[in-house]
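Structure at a glance
Below, each chain spelled out in residue letters.
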Amino acid sequence: MPTVKYQRGDKVMGRWPGSSLYYEVKVLSFDAISQLYTVIYKDGTELELKEQDIKSVTGFQTRPRSRSRSPGRRRSRSRSPARTTRRSSSRTAAAVATAAIADSVLSTSRELKLKDTLEVRVSPLKETKAAENNSNNKHEKKEENNTPIKVNEKSEEKVEADAEKIQGRYNLRRRKDDSGAKPSAVTAEQLEKEPAQVAAPSAAALSTTLDFGGKIGAYFWLLFLPAWVLFLALQVNLEDPSLTNFPPPLPPLEAFWDTQAFGFVILWILFQALLYILPVGKLSEGMPLRSGERLKYRTNGFFAIVVSAAAVAAAVYLGFDLTYIHSHFLQLAVASFLISVLLSIYLFVRSRYAASEQLALGGSSGNVVYDFFKGHELNPRVKNFDLKFFCEMRPGLIGWCLINFAMALAEMKQHGLDAPSYSMILVNLFQLLYVADGLWNEEAILTTMDLMHDGFGFMLAFGDLVWVPFTYTLQAYYLVSHPNPLSLPVVTVIVILKLVGFYIFRKSNSEKNAFRRNPSDPKLSHLRTIPTATGKSLLVSGWWGVVRHPNYLGDLIMALAWSLPCGFSHLLPWYYMIYFIILLVHRDSRDMSECRRKYGSAWDEYCRTVRYRIIPRVY
Ligand SMILES: NC(=O)C1=CN([C@@H]2O[C@H](COP(=O)(O)OP(=O)(O)OC[C@H]3O[C@@H](n4cnc5c(N)ncnc54)[C@H](OP(=O)(O)O)[C@@H]3O)[C@@H](O)[C@H]2O)C=CC1
Ligand SMILES: CC(C)CCC[C@@H](C)[C@H]1CC=C2C3=C(CC[C@@]21C)[C@@]1(C)CC[C@H](O)C(C)(C)[C@@H]1CC3
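An unreviewed UniProt entry lists the chain under the name Delta(14)-sterol reductase LBR, with Solea senegalensis given as the organism. What the UniProt record of the chain gives under Pathway (unreviewed entry) is the line "Steroid biosynthesis; cholesterol biosynthesis." The heading Sequence similarities (unreviewed entry) in the UniProt record of the chain holds the text "Belongs to the ERG4/ERG24 family."

Concerning the overall build of the chain
Assigned secondary structure in the chain consists of 25 helices and 11 strands. Relative to its full complement of 619 residues, the chain shows a buried share of 58%. When contacts within the chain are restricted to residue pairs at least 6 apart in sequence, those whose partners lie at least 24 apart make up 74%. Counting only carbon and sulfur atoms, one obtains 62% of the accessible surface of the chain, whose full area is about 27,000 Å².

A short note on the packing of aromatic side chains
The full count for this structure, using the stated rule, is 45 aromatic pairs. Centroid distance tryptophan 221 to phenylalanine 224: 5.9 Å. Interplanar angle 75°. Geometry classified as edge-to-face. In this pair, tryptophan 221 and phenylalanine 224 are both assigned in helix H10 (residues 214-235), three residues apart and thus about one turn of the helix distant. With a relative accessible area of 28%, tryptophan 221 lands in the partly exposed category. For phenylalanine 224, a relative accessible area of 30% translates into the label partly exposed.

Considering the site of ligand 1
Taken together, 27 residues are adjacent to ligand 1, and Tyr472, Arg516, Tyr552, Asp555 and Tyr599 come closest. Within the backbone of leucine 539, one N or O atom sits 2.9 Å away from a nitrogen atom of ligand 1. Within the side chain of tyrosine 552, one N or O atom sits 2.5 Å away from an oxygen atom of ligand 1. About the coverage of ligand 1: the protein hides 93% of its 920 Å² of free accessible area.

Overview of the side chain of arginine 506
Within the fold, arginine 506 resides in helix H22 (residues 488-517). Non-local contacts of arginine 506, meaning those with residues more than four positions away in its chain, are made with Asp437 and Asn441.

A few points about the site of ligand 2
In the vicinity of ligand 2 lie 15 residues, with Glu392, Gly438, Asp450, Asp464 and Arg587 positioned nearest. A total of 640 Å² of accessible area belongs to ligand 2 in isolation, and the protein chains cover 87% of it. The element that contributes the greatest number of residues to the shell around ligand 2 is helix H20 (residues 458-471), accounting for four residues. Among the residues making up the shell around ligand 2, the classes are represented as nine nonpolar, two polar and four charged.

What to know about a nonpolar patch on the surface
Judged by side-chain polarity, Trp257, Leu338, Leu342, Ile345, Val349 and Tyr353 come together as a nonpolar surface patch covering roughly 620 Å² of accessible area. Examined against the element boundaries, leucine 338 turns out to sit in helix H14 (residues 329-352). Taking relative accessible area as the criterion, leucine 338 reaches 33% and is therefore assigned partly exposed.

Remarks on the UniProt feature "transmembrane region" (unreviewed entry) in the chain
In the UniProt entry, the feature "transmembrane region" (unreviewed entry) is given for residues 216-236, 256-278, 299-320, 332-349, 460-480, 486-505, 526-547 and 559-585. The annotated region residues 216-236 carries 95% helix and 0% strand content, and the separation between its end C-alpha atoms amounts to 30 Å. When the span residues 460-480 is considered, its composition is 90% helix and 0% strand, and the gap between its end C-alpha atoms is 29 Å.

A short note on helix H18 (residues 422-440)
Over its 19 residues, H18 extends 26 Å from the first C-alpha to the last, a length consistent with the 27 Å expected when each residue adds 1.5 Å. When we look at burial in H18, the residues that qualify are Ser423, Met424, Leu426, Val427, Asn428, Phe430, Gln431, Tyr434, Val435, Ala436, Asp437 and Leu439. Buried residues belonging to H18 abut helix H12 (301-317), helix H16 (387-393), helix H17 (395-415), helix H21 (474-481), H22 and helix H23 (550-563).

Side note on the pattern of salt bridges
Any two side chains of opposite charge can pair, on the condition that their charged atoms come close. Per the stated rule, a full pass over the model turns up 15 salt bridges. For lysine 282, the salt bridge goes to glutamate 443, with nearest N and O atoms at 2.9 Å. Linking lysine 282 in strand S6 (residues 282-285) with glutamate 443 in the loop between H18 and helix H19 (449-452), this pair joins segments that are 161 residues apart in sequence. A salt bridge links arginine 517 to glutamate 443; its shortest N-O distance comes to 3.8 Å. Of this pair, arginine 517 sits in helix H22 while glutamate 443 sits in the loop between H18 and H19, and the two are 74 residues apart along the sequence. Take arginine 517: its relative accessible area is 27%, and that puts it in the partly exposed class.

Here's the deal with the packing of helix H11 (residues 259-277) against H14
Between H11 and H14, the shortest axis-to-axis distance is 8 Å and the interhelical angle comes to 60°. Between H11 and H14, the angle falls in the class oblique. H11 and H14 meet at a crossing whose hand is right-handed. Two secondary-structure elements touch here, H11 through Ala261, Phe262, Val265, Ile266 and Ile269 and H14 through Gln331, Leu332, Ala335, Ser336, Leu338 and Ile339.

Some points on the state of the cysteines
All told, the structure shown has zero disulfides when counted by the stated rule. With no disulfide of its own, cysteine 391 lies 17 Å from the sulfur of cysteine 401, the closest cysteine sulfur. Sulfur of cysteine 401: no disulfide; nearest cysteine sulfur belongs to cysteine 566 and is 16 Å away.

A short note on the pairing of strand S3 (residues 36-41)
Of all six residues in S3, six are buried, a share of seventy percent or more. Across the two faces of S3 the burial is the same, with Leu36, Thr38 and Ile40 and Tyr37, Val39 and Tyr41 all buried. Sheet topology note: the strand S2 (residues 22-31)/S3 ladder contains six bridges and is antiparallel. Residue pairing across strands places phenylalanine 30 opposite tyrosine 37, the latter belonging to S3.

Some words on the environment of proline 469
Among the structural elements, proline 469 can be located in helix H20. Its relative accessible area of 4% is what places proline 469 among the buried residues. The residues contacting proline 469, other than those within four sequence positions of it, are Gly396, Trp400, Ile403 and Asp464.

Some remarks on the packing of H10 against H14
One can describe the packing of H10 onto H14 by two numbers: an axis separation of 10 Å at closest approach and a directional angle of 170°. Here H14 runs roughly antiparallel to H10, going by the angle between their axes. Crossing of H10 over H14 shows right-handed handedness. Mapping the contact onto sequence places Pro226, Leu230, Ala233 and Leu234 in H10 and Phe329, Leu330 and Phe337 in H14. Considering only residue class, the contact of H10 with H14 consists of seven nonpolar, no polar and no charged.

Quick notes on the rules
Residues numbered from 1 in each chain as written. Chains lettered and ligands numbered in written order. Predicted model: local features only at pLDDT ≥ 70, side-chain atom pairs only at ≥ 80, totals over all residues. Heavy atoms only, no water. UniProt positions renumbered as here; feature names shortened; annotations may be inferred. Helix = DSSP H or I, 4+ residues; strand = E, 2+ residues; numbered from the N terminus. Buried < 20%, exposed > 50% of the residue type's maximum accessible area, 1.4 Å probe, protein only. Contact = heavy atoms within 4.5 Å. Areas by Shrake-Rupley, 256 points an atom, 1.4 Å probe, with all protein chains shown as cover. Phe/Tyr/Trp six-rings, centres within 6.5 Å; stacked < 30°, edge-to-face > 60°. Near = heavy atom within 4 Å. Polar contact = N/O pair within 3.5 Å; in protein donor to acceptor, adjacent residues only side chain to side chain. Nonpolar A, V, L, I, M, F, W, Y, C, P; charged D, E, K, R; others polar. Patch = residues over 30% accessible without salt bridge, like charges linked within 9 Å, V, L, I, M, F, W, Y side chains within 5 Å. Salt bridge = Lys/Arg side-chain N within 4 Å of Asp/Glu carboxyl O. Expected span 1.5 Å × (residues − 1). Axes fitted to C-alpha atoms, helices over the stretch in contact; angles between N-to-C directions. Parallel < 35°, antiparallel > 145°, perpendicular 65-115°, else oblique. Left-handed = near helix turned anticlockwise from the far one by under 90°. Disulfide = S-S within 2.5 Å. Pairing = 2+ DSSP bridges.

Set out below in structure tokens:
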């Protein structure tokens, strides 16, 4: 850090975002582009601060306070993270944040009513202690959902809202670093005893660690993913689709391209775009961005799938042969691939001109190939048209159902059936339910990792436009030429399995979504939570108290129910299940690092309380 005011390793006073309180912090790094310092508080919480929010220890003076304060508040206020970690391990940055937020709110609003509420709110020692007890699996004392108080829900909401606003105003930024560093593992003692180690981590540790195998990985995935789709598309048509048939017979080069197929894909995307922009349905707010802004999204996905179904029915009625999709699967996939590449190039170029506030943290490695692959801009929009949201929820997802339906028609045509087979019906209905449910609850996608954290680049563009419609449909495609008759009892068992998975998936996703949208929701008041330094809490009972990713568990059970109708003669229809296990295990570990960095010791406490990641007592 050559020309910056504070150097790596300096002990300085850092303002707690949203408050006028300063705590001792160590400078870890400085980012010349964003002009932000990454600092570490004594309890291990890492934040990014602007220079104006940092003061040198020597020049620092405690602000004299003339306002009268209750003993509760005084006690809470007098503790810095530093003192806390040394004296009482129960005091986390969460408590500090609560005090800080309350302090700021009080400074700006002197309404007596709010102050009264905050007097209760800012006595977090007890609650934090309770949370700690929970973490030791004692759970005797129930921590209420709207911890630390359950006195005045209205005021609580106001405080949450203020906290959000404040965070936005102060541009609170987290450090993107996938090194797996555990902030909470860095104790005050370490800061005292091993300043060199903590204050000056290696360059490697400080540099942004890259997902997906880094730069080399990006080259690999760029080549492997399209090749893999091609491989599967060629395999599924073989009489004996098997890994032993490698390489599958390649068709002549000209067979890969069909201008008409390309035209159909373009038409489909335009049609979906038209439905997306229609002023029908709700305008939902996304989660607050770093700037504090909340983007609006037109969540009319269910309307889009209903209109699409009507349009497809009309086309069939008018004589369009949908089995074209079966016979031109490869050409449609190639056309979609081309579109995803063009889109990714556009996204990459525009990300170069995007303001730093609009970029995803960690999306920039400086390496063109990696940045192209991973995506850099968080919410690329053309006017109000959100490209990431649109691509993730519309053409590919609804296209998946369209292709499945076309496979059912192809099966009937190929085998001269009056109706599709049981296995085909199950696969079609199960996956239609999954997609329709996703579109019905479209707002919930706004609290998922992809929308909140990931940049939009090749990985998601390809994933949304090629991977989903052309690999998630392989079970239906497989059944066209590999019938698998099912008895009614087997059908019943598979249906029950699907419903169980769906119940877990939907309930857990809705619980988290409702909690993130309104932590004071009375319907969730029976749930225990852990407060965190960011002002957000973590659910520690209910679905999110069973395992850390109950939604993944439900999703995996559903995936099993999708493969079972295809039988056990080949591995290919089980491909989705295998891929999905790998994807979700990887997503879970990405999310773990992200949450650990975000929530520090509170996350570790959550992990101690909820020990298993996806499958209770197994994993
Ligand atoms: N079919 C498919 O191909 C795929 C399906 N999916 C499905 O999509 C859905 C979304 O998945 P994904 O985005 O990966 O992950 P989640 O919806 O599980 O989101 C993870 C986020 O939830 C929040 N969170 C974690 N633990 C808690 C807790 N205890 N209390 C409150 N909030 C918590 C954190 O965000 P914060 O604290 O910042 O709010 C965390 O980053 C899942 O159901 C998944 O199965 C996902 C990928 C592919
Ligand atoms: C190409 C890569 C190897 C992997 C790309 C991953 C993407 C295909 C998935 C990432 C997250 C997704 C989600 C859904 C579809 C698959 C992708 C895009 C989802 C929209 C499916 C429907 C669900 O109901 C959902 C919960 C809304 C899903 C959200 C995540």
